[in-house]
Structure formats: structure tokens, C-alpha cells
Amino acid sequence: PRIFLAEIFLVILLSTLFETWEHWIRHRLDQSGDHVGGKILDVLFKEFTGLGFIGLVLFLVTQSGAADWLAAKLLGVSSHQHDHHEVENPLAETFEIVHMMIFMLLVVLLFQ
């Protein structure tokens, strides 16, 4: 229960920091009259929303077992136990890697 509460606290803390950062940036852009910067920020948050949706869908696919079913159909592999260790689904791992790559691309584009 302590770890769960700590995770909830961390999510709330990170969300609060993110919202505070966004508000500060928008305020600075408004003060300077930088309308182009405001539009860039709007597009950036639209991308974050899209990535969040993709992350949610990938989470649901992997947690529901659909990724295991799809891996069995496409790759001929299945999650099973081997010597008391769960064998990971390569498709679920690939989903996670692609998701992180898309996020890193967004970060790189942000700092250009």
C-alpha cells in the first residue's frame, strides 16, 4: 500500500509541476507578445495528447491480452512459463519501444 500511495503522490506531483510549467511558459509568451510561440506550444500539447492516447491504447492492448493473442497469430509465439519465469511477449515489448521512440522524437523536435 505504501508503494501504491507513493506512486499516486508522484503522479500528482509530476502533473502539478507540468501544469505549473505550462502556465509559466504561456504567461511568459503572452507577456512578450510571442503569438508564434503560443501556437507552437498549442501544437506541442496537441502532440502530447495524441501520444497520451496512443499510450493508453497500447496499455489496454497489452494488459487485456490482445497483444498476446496478436503475437500468437502473427509471430507464432505465446506467453508461457519456462523454468518458473514468464516469457515476455515480443510484440508487447516492441509496442513499448516504439512508443518511447515516438516520445523521444517529440522531445527532439521540441528542442530544435
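Note that this is a predicted model, so its numbers are computed, not measured.

About the thresholds
Residues numbered from 1 in each chain as written. Predicted model: local features only at pLDDT ≥ 70, side-chain atom pairs only at ≥ 80, totals over all residues. Heavy atoms only, no water. Helix = DSSP H or I, 4+ residues; strand = E, 2+ residues; numbered from the N terminus. Buried < 20%, exposed > 50% of the residue type's maximum accessible area, 1.4 Å probe, protein only. Contact = heavy atoms within 4.5 Å. Areas by Shrake-Rupley, 256 points an atom, 1.4 Å probe, with all protein chains shown as cover. Salt bridge = Lys/Arg side-chain N within 4 Å of Asp/Glu carboxyl O. pLDDT = per-residue confidence, 0-100. Expected span 1.5 Å × (residues − 1). Axes fitted to C-alpha atoms, helices over the stretch in contact; angles between N-to-C directions. Parallel < 35°, antiparallel > 145°, perpendicular 65-115°, else oblique. Left-handed = near helix turned anticlockwise from the far one by under 90°.

A. Representation of the overall build of the protein chain. The helix and strand inventory of the protein chain stands at 4 helices and 2 strands. When the elements of the protein chain are put in sequence order from the N terminus, they spell out α-α-α-β-β-α. The buried share among the 112 residues of the protein chain stands at 16%. Sequence-distant contacts in the protein chain: of pairs separated by 6 or more residues, those separated by 24 or more amount to 46%. As displayed, the protein chain offers around 9200 Å² of accessible surface, 70% of which is attributable to carbon and sulfur atoms.

B. Spatial organisation of the pattern of salt bridges. Enumeration over the complete set of coordinates arrives at 2 salt bridges. A salt bridge links D42 to R26; the nearest nitrogen and oxygen atoms lie 2.9 Å apart. Of this pair, D42 sits in helix α2 (residues 35-64) while R26 sits in helix α1 (residues 2-32); the two residues are 16 residues apart in sequence, bridging distant segments of the chain. One salt-bridge network, held together by shared partners, links E22, R26 and D42.

C. The arrangement of the confidence of the model for the protein chain in detail. Chain-level pLDDT for the protein chain is 82 on average; 89% of the residues reach the 70-or-more range. When mean pLDDT is taken per element in the protein chain, α1 scores highest with 92 and strand β1 (residues 81-82) scores lowest with 50.

D. Spotlight on α1. The terminal C-alpha atoms of α1 lie 45 Å apart, and with 31 residues this matches the ideal 45 Å at 1.5 Å per residue to within 8%. Buried within α1 are the following residues: E22, I25 and L29. Looking one or two residues beyond α1, the residue adopting positive phi is G33, at roughly 75 degrees.

E. Layout of the packing of α1 against α2. Two elements in contact, α1 and α2, have axes separated by 9 Å at closest approach and are oriented at 155 degrees. Regarding the angle of α1 to α2, the classification is roughly antiparallel. When you trace α1 past α2, the crossing you get is left-handed. Residues F18, W21, E22, I25, R26 and L29 of α1 form the contact with α2, whose participating residues are G37, G38, L41, D42, F45 and F48.

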